[in-house]
Amino acid sequence: MLSALLILCTGCRNEIDSQTDSDSSIPESAAQTEQETISDTESEPETQSHTNAAFPAADLNAVNFNDGSCHFVTVMNDDAGCAEGKLSVENIDGNFMLKFTDLSTGSENLTDAVQKIRISVGQLLNPDQLESVRRIGFDLYAEAKENLFQNDDGEFLQVPGWIGGGGGTVCADGEWYDFADFAAEDINQYDLQRSDACHVEFQFLLAESGKCWDSSVEDVNFTVMRKGMQNISDFYLDNIVFYDEEGNSIPLHISPEEKQAS
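What you see is a predicted model; the values in this text were computed from it and never measured.

**Student:** Please give an account of the nonpolar core that cites residues and values.
**Tutor:** Within the largest apolar cluster, 43 residues are counted, with the highest numbers of intra-cluster contacts made by Ile 119, Trp 213, Phe 222, Leu 237, Ile 240 and Phe 242. At the level of elements, strand E1 (73-75), strand E3 (95-102), strand E4 (115-120), strand E5 (135-144), strand E9 (176-183), strand E10 (198-203), strand E11 (221-227) and strand E12 (233-243) are the ones that each hand at least two residues to this core. Residues contacting Phe 242, with those up to four places away along its chain left out, are Val 121, Leu 124, Leu 125, Val 133, Arg 135, Ile 136, Trp 213, Phe 222, Asn 248, Ser 249, Ile 250 and Leu 252.

Here you go:
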């Protein structure tokens, strides 16, 4: 019996050793390859993709160009360097906007070109509303047409690059008033062919001194100028809103005759 017990124990031990040797027979290179695959997957950087942001919500009293009319806007060529252009209303992803199509800017005059339009406020507000205006807001976008913009890595990209400009108007005292210049930040102007919205606000900071409008001003209007371009591009404009001193938007009064004439 003792001999039989010793034989049985020896057989069990040999079976366990055999199983251990079988498990350890996985090639070391295969295990290493599997570990490297897992490591590579964990360390692989995520791809950054840039897409246009949703269009901003429009104020109830905004000029949104949904009716397809832009009769109250004019291309200006009153200064040296003003770009020739044409105006239209375009549907961009379901959002209607005014478009300034640049017809004259090229690589040779890019840095000096100014895209300039005039907006007739007298066709948007009643005369008794003019003296209430203290601030004008609107959204501006730029869309590149060429790949002349060069980034820090030396790559030429079809993006607008820097977006900025200014504007002005004739006030109640009959003198010209320059609104503060504007410049866009973080609106994908260096990443996408069409930038996101650059929200601009023109303010009458000297309204107490008569730097504002009233019914005595003939043909009340204001200009929007885009300058300092880094690439050949067009621009879009949308959501023009007039605000009073308390920050309330002022209702529009576009005459039916003007709409029909357009």
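**Student:** Pulling in residues and values, what's your account of the sheet that holds E9?
**Tutor:** Pairing between the strands of a sheet comes from backbone hydrogen bonds, and it takes one of two forms, parallel or antiparallel. Taken in spatial order, the five strands of this open sheet run E1-E4-E11-E8-E9, and their pairing is antiparallel. Here the strands that pair on one side only, and so sit at the sheet edges, are E1 and E9. In this sheet, adjacent strand axes meet at a mean angle of 20° when their direction is disregarded. In the sheet, E4 pairs with E11 via six bridges, with the strands oriented antiparallel. The residue of E11 that forms the bridge with Lys 116 is Met 225.

**Student:** Account for the pattern of salt bridges, with residues named and values stated.
**Tutor:** Taken as a whole and judged by the stated rule, the model has nine salt bridges. Taking the shortest distance from any N to any O, the salt bridge between Glu 201 and Arg 135 comes out at 2.7 Å. On the criterion of sequence distance, the pair formed by Glu 201 in strand E10 and Arg 135 in strand E5 is long-range, its members being 66 residues apart. For Glu 201, a relative accessible area of 32% puts it in the partly exposed group. Salt-bridge contacts for Lys 227 lead to Asp 181; the nearest nitrogen and oxygen are separated by 3.8 Å.

The rules we used
- Residues numbered from 1 in each chain as written.
- Predicted model: local features only at pLDDT ≥ 70, side-chain atom pairs only at ≥ 80, totals over all residues.
- Heavy atoms only, no water.
- Core = buried A, V, L, I, M, F, W, Y, C linked by side-chain atoms within 4.5 Å.
- Buried < 20%, exposed > 50% of the residue type's maximum accessible area, 1.4 Å probe, protein only.
- Helix = DSSP H or I, 4+ residues; strand = E, 2+ residues; numbered from the N terminus.
- Contact = heavy atoms within 4.5 Å.
- Pairing = 2+ DSSP bridges.
- Axes fitted to C-alpha atoms, helices over the stretch in contact; angles between N-to-C directions.
- Salt bridge = Lys/Arg side-chain N within 4 Å of Asp/Glu carboxyl O.

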